[in-house]
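Given next are the chains, with one letter for each unit.
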Amino acid sequence: MISKLSLFLVMLIIPFLGISQTMALEPKLDNISWIAGNWKGEAFGGQTEENWSEPSGGSMMATFKLINDGKVSFYEIEIIREVNNTLILQLKHFKNDLTGWEDKDETVDFPLKEITPTKVVFEGMTFEKISDTEMNVYVDIHNKSGEVDTVKFNYKKSN
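Attention here is on the structure that accompanies the text. Bear in mind that the values here come from a model prediction, so they are computed numbers and not experimental data.

**With respect to the overall build of the chain**
Argument step 1. Secondary structure summary: the chain contains 1 helix and 10 strands in total.
Argument step 2. Along the chain, helices (α) and strands (β) appear in the sequence α-β-β-β-β-β-β-β-β-β-β when read from the amino end.
Argument step 3. By the burial criterion, 32% of the 159 residues in the chain qualify as buried.
Argument step 4. As displayed, the chain has an accessible area near 10200 Å², and 55% of this comes from carbon and sulfur atoms.

See the structure below:
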């Protein structure tokens with residue numbers, strides 16, 4: 001029988017082992033439903049907005065826009081889908097007149113790497129839950145010299 005002291009010591013050690021922070025969750029939309037909502041922030045010198053739907057029909061969808069100097073610079077349509085027992089994030093970019101950046105049948109794809117209670121890590125994009133009303137999104141962007149810059153979007157949930 002485990003004594004209360006032994007149980008206490010085990011619970012005290014677990015955070016130092018990183019177990020509580022890296023507990024992987026199943027690749028299910030319900031485990032990332034905290035992303036749903038209307039999120040606003042700043043990046044690229046302007047105002048950003050992402051609107052994520054609740055999970056339904058095996059997917060979540062979002063719209064994104066960047067506003068600089070009172071005008072839309074670009075839009076995105078994003079989805080996270082359940083495919084073959086995993087999740088994939090896919091998106092398309094559009095100029096402010098809805099002219100697509102990618103070819104008609106092309107998407108920018110981000111395969112899932114890991115889900116924890118407070119993070120969803122895709123290859124090249126990470127969602128981090130700070131609280132019920134705040135999240136960070138980290139996006140890897142390839143610059144002109146071929147190096148990768150990680151851009152942080154800090155979002156606050158709006159009503």
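**A few points about unusual backbone geometry**
Argument step 1. If you check the backbone angles, N85 has positive phi at about 60° while not being a glycine.
Argument step 2. For N85, the location among the structural elements is in the loop between β4 (71-83) and β5 (86-95).
Argument step 3. Residue classification places N85 among the exposed residues on the basis of a relative accessible area of 71%.
Argument step 4. Phi is positive for L98, which is not a glycine, with a value near 70°.
Argument step 5. Mapped onto the secondary structure, L98 falls in the loop between β5 and β6 (108-116).
Argument step 6. Given the relative accessible area of 56%, L98 is considered exposed.

Calculation criteria
- Residues numbered from 1 in each chain as written.
- Predicted model: local features only at pLDDT ≥ 70, side-chain atom pairs only at ≥ 80, totals over all residues.
- Heavy atoms only, no water.
- Helix = DSSP H or I, 4+ residues; strand = E, 2+ residues; numbered from the N terminus.
- Buried < 20%, exposed > 50% of the residue type's maximum accessible area, 1.4 Å probe, protein only.
- Areas by Shrake-Rupley, 256 points an atom, 1.4 Å probe, with all protein chains shown as cover.

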